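Observations on chain architecture
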Amino acid sequence: MLAGFFVVWCIILVGWFVGRQRILGDNARPVLSGLTFFVASPALLFETLSKARLQEVLDKVPGIETADYEIAEVDGTAESLTALLQGRKVVCNVVGPFLRYAPPVVEAALRAGCHYLDTAGEQKHMLWLLDEWGPRFAEAGLVVSTAMAIQYALHDIAARICLETPGIDTLEFGSYA
């Protein structure tokens, strides 16, 4: 696990040095920040989880003994996920990047007759999900809902409060997710 942290810190250090020396020009910082966030950090997470037994990790979660869950291993295909989701009512996908990993989960949810939720913040994924899969889920009498993460919940709460306030006819939000 420490080896994974070493990789992340090396990337951060290289990014700092390259940024200070302007080796990559003015775009060095955002490029290397993206590399750290989208490549090195997930690599560290996957390395950590692959070396830990999932049950040992879950045993450290306070209150987990009151939850009804099972640990299952699948290969990530729509077929294996469909078999896993048979008899379930809802799947909440928290694995991103969603443009890359959500399609087989969405397909499996529909095949298995499950409602689909996710915590995405990727606008392209959210539009794809609602445009491409929304009508299919609706036709099956199922819900498909994206952006169930906290960054959108706060906007939703604020919007609902504003809608109850007389005289407000326009509401604009922005966020950096």
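Report on the accompanying structure. Given the structure is predicted, the values throughout are model-derived calculations rather than measurements. Once a new chain begins, its residue numbering starts again from 1 and follows that chain's sequence as written. Where local features are concerned, this predicted model is filtered to residues with pLDDT of at least 70; where side-chain atom pairs are given and counted, the filter is 80 or more; whole-chain, interface and lining totals use all residues. In computing side-chain properties, one takes all heavy atoms of the structure into account and sets aside hydrogens as well as water.

Some details on the environment of Arg111
Strands are runs of DSSP state E lasting at least two residues, helices are runs of H or I lasting at least four, and both sets are numbered from the N terminus onward. Along the chain, the position of Arg111 falls in helix H5 (residues 98-112). Using a 1.4 Å probe on the protein chains alone, a residue whose accessible area is under 20% of its type maximum counts as buried, one over 50% counts as exposed, and one in between counts as partly exposed. Using a relative accessible area of 43% as the deciding quantity, one classes Arg111 as partly exposed. Along the sequence, Arg111 and Gln86 sit 25 residues apart, while their C-alpha atoms lie 8.6 Å from each other. Polar contact criterion, stated in full: a pair of N or O atoms within 3.5 Å, where within protein one must be able to donate a hydrogen and the other to accept it, and residues adjacent in sequence count only if both atoms are side-chain atoms. A polar side-chain atom of Arg111 sits 2.4 Å from a polar atom in the side chain of Glu107.

Some details on the nonpolar core
Only buried residues count toward a nonpolar core, which is a set of Ala, Val, Leu, Ile, Met, Phe, Trp, Tyr and Cys residues joined through side-chain atoms within 4.5 Å. Counting residues in hydrophobic clusters, the biggest one holds 20 residues, and the most contacted among them are Leu85, Val91, Val106, Ala109, Tyr116, Leu129 and Phe137. Mapped onto this core, the elements with two or more residues apiece are helix H4 (78-85), H5 and helix H6 (123-139). Here the element with the most residues in this core is H5; it accounts for 7 residues. Excluding its chain neighbours within four sequence positions, the residues that come into contact with Val91 are Leu85, Val105, Ala109, Cys114, His115, Tyr116 and Leu117. Whether two residues are in contact is decided by their heavy atoms: any pair within 4.5 Å suffices.

Re the pattern of salt bridges
Salt bridge criterion: a side-chain nitrogen from Lys or Arg within 4 Å of a carboxyl oxygen from Asp or Glu. Within the structure shown, the criterion is met by 4 salt bridges. Glu79 is paired through a salt bridge with Arg111; the nearest N and O atoms lie 3.6 Å apart. Taken together, the residues Glu79 in helix H4 and Arg111 in helix H5 connect sequence positions 32 residues apart. Ionic pairing is found between Glu132 and Arg136, a salt bridge with its closest N-O pair at 2.9 Å. Note that Glu132 and Arg136 are positioned in helix H6 at a spacing of 4 residues, about one turn of the helix. Judged by its relative accessible area of 38%, Arg136 is partly exposed. A cluster of three or more residues bridged by salt bridges with shared partners is formed by Glu79, Glu107 and Arg111.

Observations concerning H6
With 17 residues, H6 ought to run about 24 Å at 1.5 Å a step, and its terminal C-alpha atoms sit 24 Å apart, in line with that. Think of it this way: the bend at a residue is just the angle between two axes, each fitted to seven residues, one set ending at that residue and the other starting at it. Along H6, the largest kink reaches about 50° and is centred on Trp133; proline Pro135 follows within four residues of it. Within H6, the full set of buried residues consists of His125, Met126, Leu129, Trp133, Gly134 and Phe137. In the stretch just after H6, Gly141 is the one whose phi turns positive, near 75°. Under the convention used throughout, the expected extent of a helix is 1.5 Å for every residue step, that is, one less than its residue count.

Here's the deal with the side chain of Ser80
Counting through the fold element by element, Ser80 comes out in helix H4. Excluding anything up to four places from it in sequence, Ser80 contacts Val74 and Asp75.

What about the pairing of strand S2 (residues 115-118)?
Consecutive residues of a regular strand have side chains that alternate between opposite faces of the sheet. Burial along S2 is one-sided: Tyr116 and Asp118 are buried, while His115 and Leu117, pointing the other way, are not. Strand pairing is assigned whenever DSSP detects at least two bridges linking the two strands. Relative to S2, strand S1 (residues 90-93) runs parallel, the two being bridged by 4 bridges. When the sheet's bridge partners are listed, Val91 is paired in S2 with Tyr116. Crossover handedness is defined here as right-handed if the route from the first strand over the helix to the second strand goes clockwise, with the strands pointing away from the viewer. Once the chain exits S1 it traverses H5 before rejoining the sheet at S2, and the crossover so formed is right-handed. Pairing of S2 with strand S3 (residues 144-145) involves 2 bridges; the strand directions are parallel. Within S3, the residue paired with Leu117 across the bridge is Ser145.

A word on a nonpolar patch on the surface
There is a patch of nonpolar side chains on the surface, built from Leu54, Val57, Tyr69 and Ile71 and spanning about 320 Å² of accessible area. Within the element layout of this structure, Tyr69 appears in the loop between helix H3 (54-58) and H4. Take Tyr69: its relative accessible area is 33%, and that puts it in the partly exposed class. Like-charged residues within 9 Å of one another, or nonpolar side chains (Val, Leu, Ile, Met, Phe, Trp, Tyr) within 5 Å, are grouped into patches, provided each residue has over 30% relative accessible area and no salt bridge. Calculation of accessible area relied on Shrake-Rupley with a 1.4 Å probe; when residues are assessed, cover is drawn exclusively from the protein chains displayed.

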